[in-house]
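Coordinates in review
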Amino acid sequence: MENMVAVILGGGKGSRLFPLTKERSKPAVSIAGKYRLIDIPISNCINSGITQMYVLTMYQSASLNNHISNAYRFDQFSKGFVQVLAAEQTAESNEWFQGTADAVRKTLPHLGYKYGYVGLVLILSGDHLYRMNYRLFRDAHIKSHADISIAVIPVTKQDAPELGLLKVDETGRIIKFVEKPKTEEALAEMETDTTIFGLSPEEAAKRPFLASMGIYIFDPSTLTSLLQDDPARTDFGKEIIPQAIETHRMQAYCFDDYWADIGTIRAFYEANMDLVAPVPRFNLFDPSRPIYTNTRYLPGAKMNRASIEAAVLCDGTIIEGATVRDSILGSRSRVRHGSVIEESLVMGADFYQHGNDTAPRIGINEGAYLKRCIIDKNASIGRYVQLVNRKGHQEYDDPEGRFHVRDGIIIVVKDSVIPEGFVF
């Protein structure tokens, strides 16, 4: 779609995803063993015919830059590109991005605005897991003659207080927005008849609220005026959208399919664990809408006398005499004799270790036992290590910085070494 450019927001420090964001930006975090979070919106764009994309980042973008440059190379005769735009000092400003809207404001000159050739602008988040055909979103935006369209998803009363909620009239026009309503009264005021979007009366009763997905389509002149009229407004959800309801036509586009906000360790862990279910809610095996990523040219997974039950095994993995249940093993994972891995995500490694290497052996070594863990890349889990959170910590930080516990989930830091016999 040559009349649309996509802007993917890379987010800030990603502190809620620490320690996975200790050395990388949020969009560069691995998911499903072989992808990065950034692959999701980029793949959605490519599958929707959008091939001009900008990724806005501010923190630790080296890993993301490397991934994008290796993974997304369009034909030299096409106009397609994926370009990372990092926060920069200019004659007008020497500050970092102050929020989502401020990030777009400061990168407007790079989007071709001053030359007048940009069409509709699609703004996306870099840390959500879902599939959407943006063509349908665009068509609905054009048909409604809206200045701004916002993708929404019906949610339950239990989920609603943690999200930005929209209220619409019978035509789907947005008439009110509240960010994370704090009281029962404020929540009740945001109830909407979601049958107008095709939900059955039963489903509408279960999910009577519309949550913003943080996915927007802007008319370019509308986006420019909203961003430049008041530079003090730095965030779309908290400032730009509520203000624009009073002055512009805003339309809701209902998306009634799987969507997960991967903003916290718990959400990240649960989204990954769902992928090992017999019928996962997010289908990686859809040939019509593939998820693209960097091609690594690795051999298939190899298993020698291993016991595997409900697992995703990525390319280049070697499992020898071990047991793997309800887990994901990322590319180049190595699991040795007698190890047991349960309900865990092992991200694998960036390289194969040489046999004569004197460094600790990368991977899960003999007799180790892991349960409800996230093992970041290139980590070495020593022989007979037990990472099972015996004391049931919800939050914990290893004094030596090798691992952390968030929401009861153990996260071993990238490149860390857990010594032989260690028990936690």
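Here we summarise the structure given alongside this text. (Residues numbered from 1 in each chain as written. Predicted model: local features only at pLDDT ≥ 70, side-chain atom pairs only at ≥ 80, totals over all residues. Heavy atoms only, no water.)

1. Concerning the overall build of the protein chain
Scanning the protein chain from terminus to terminus reveals 9 helices and 29 strands. Based on the C-alpha atoms only, the size of the protein chain along its principal axes is roughly 65 × 50 × 40 Å. Residue burial in the protein chain is summarised as follows: out of 424 residues, 53% are buried. Taking as baseline every contact in the protein chain between residues at least 6 positions apart, the subset at least 24 positions apart corresponds to 62%. As presented, the protein chain carries roughly 19,100 Å² of accessible surface, and 48% of it is formed by carbon and sulfur atoms. Here the protein chain contributes 47 positively and 52 negatively charged side chains, and the mean placements of these two sets differ by 6 Å. (Helix = DSSP H or I, 4+ residues; strand = E, 2+ residues; numbered from the N terminus. Buried < 20%, exposed > 50% of the residue type's maximum accessible area, 1.4 Å probe, protein only. Contact = heavy atoms within 4.5 Å. Areas by Shrake-Rupley, 256 points an atom, 1.4 Å probe, with all protein chains shown as cover. Lys, Arg positive; Asp, Glu negative; His and termini not counted. Charge placed at Lys NZ, Arg CZ, Asp CG, Glu CD.)

2. Observations regarding the pattern of salt bridges
As enumerated under the stated definition, the model contains 21 salt bridges in all. Across the pair D376 and R24 runs a salt bridge whose closest N-O atoms are separated by 3.0 Å. With D376 in the loop between β23 (373-375) and β24 (380-381) and R24 in the loop between β1 (4-9) and β2 (30-31), the pair connects residues that are 352 residues apart, well separated along the chain. No difference in accessibility class separates D376 from R24, as the two residues are buried. Across the salt bridge formed by R266 and E270, the nearest N and O atoms sit 3.2 Å from each other. With a gap of 4 residues between them, R266 and E270 both fall in helix α9 (residues 265-274), about one helical turn apart. Bridged by salt links that share partners, the residues E203, K206, R207 and D256 form one connected network. (Salt bridge = Lys/Arg side-chain N within 4 Å of Asp/Glu carboxyl O.)

3. Focus: helix α8 (residues 236-245)
When α8 is considered as a whole, its buried residues turn out to be F236, G237, I240, I241, A244 and I245. The buried residues of α8 occupy one face: seen down the axis, they fall within an arc of 135°. (Arc of directions from axis to C-beta.)

4. Overview of the side chain of T194
Counting through the fold element by element, T194 comes out in the loop between α5 (184-188) and α6 (201-206). The class for T194 is buried, based on a relative accessible area of 0%. In this structure the side chain of T194 is engaged in a polar contact, spanning 3.2 Å, whose partner is the backbone oxygen of R207. In contact with T194, other than residues within four places in its own chain, are L199, A204, R207, P208 and L210. (Polar contact = N/O pair within 3.5 Å; in protein donor to acceptor, adjacent residues only side chain to side chain.)

5. What about the packing of aromatic side chains?
Describing an aromatic ring pair means giving the distance of the ring centres and the angle of the ring planes. In total, this model carries 11 aromatic pairs according to the counting rule given. Note on Y130 and F255: the rings are 6.3 Å apart at their centroids and 80° apart in plane angle, and the pair reads as edge-to-face. Residue Y130 is located in strand β7 (residues 128-130), and its partner F255 is located in the loop between β12 (250-254) and β13 (259-261); the two are separated by 125 residues in the primary sequence. Residues Y130 and F255 agree in their burial class; the two are buried. The interplanar angle of 40° and the centroid separation of 5.6 Å between the aromatic rings of F218 and F236 together place this pair among those described as tilted. (Phe/Tyr/Trp six-rings, centres within 6.5 Å; stacked < 30°, edge-to-face > 60°.)

6. Thoughts on a positive patch on the surface
Together, R16, K180, K182 and K238 line one region of the surface with positive charge. The topology assignment puts R16 in the loop between β1 and β2. Overall, R16 belongs to the exposed group, its relative accessible area being 52%. (Patch = residues over 30% accessible without salt bridge, like charges linked within 9 Å, V, L, I, M, F, W, Y side chains within 5 Å.)

7. Focus: the nonpolar core
The biggest cluster of nonpolar side chains holds 40 residues, and the ones touching the most others in it are L122, L124, M132 and I215. I215 has contacts with L122, I123, L124, Y130, M132, F137, S149, I150 and A151, leaving out every residue within four places of it along the chain. Ranked by size, the runner-up nonpolar core spans 34 residues in total, among them V5, V104, V168 and L226. (Core = buried A, V, L, I, M, F, W, Y, C linked by side-chain atoms within 4.5 Å.)

8. As for the pairing of β1
Summarising burial for β1: 6 of the 6 residues are buried, a large majority. When β1 meets strand β6 (residues 120-125), the two strands line up parallel, connected through 6 bridges. Bridging across to β6, V5 finds its partner in V121. Pairing of β1 with strand β4 (residues 52-57) involves 4 bridges; the strand directions are parallel. Residue pairing in the sheet places I8 in a bridge with V55 of β4. (Pairing = 2+ DSSP bridges.)

9. Structural notes on the environment of D407
Along the polypeptide, D407 turns up in the loop between β27 (403-406) and β28 (409-412). Look at D407 and you get partly exposed, because its relative accessible area is 27%. Taking the C-alpha atoms as reference, D407 lies 26 Å from L9; in sequence the two are 398 residues apart.

10. Regarding the environment of E420
If you trace the backbone, E420 turns up in the segment after β29 (417-418). Along the backbone, E420 and G172 are 248 residues apart, and their C-alpha atoms lie at a distance of 60 Å. If sequence neighbours within four positions are ignored, E420 has contacts with G382, R383, Y384 and V385. A distance of 3.2 Å separates polar atoms of two side chains, one belonging to E420 and the other to R383.

11. Here we look at helix α2 (residues 62-71)
Every buried residue of α2 is listed here: L64, H67, I68 and A71. All buried residues of α2 fall inside an arc of 95° around its axis, so they share one side. Residues of α2 that are buried make contact with β3 (35-36), α1 (39-47), β4 and β5 (81-86).

12. Thoughts on the packing of helix α7 (residues 220-229) against α8
One can describe the packing of α7 onto α8 by two numbers: an axis separation of 11 Å at closest approach and a directional angle of 115°. By the angle between their axes, α7 is roughly perpendicular relative to α8. As α7 runs across α8, the sense of the crossing is right-handed. Two secondary-structure elements touch here, α7 through L223, L226 and L227 and α8 through F236, I240, Q243 and A244. Residue composition of the contact of α7 with α8, by class: 6 nonpolar, 1 polar and no charged. (Axes fitted to C-alpha atoms, helices over the stretch in contact; angles between N-to-C directions. Parallel < 35°, antiparallel > 145°, perpendicular 65-115°, else oblique. Left-handed = near helix turned anticlockwise from the far one by under 90°. Nonpolar A, V, L, I, M, F, W, Y, C, P; charged D, E, K, R; others polar.)

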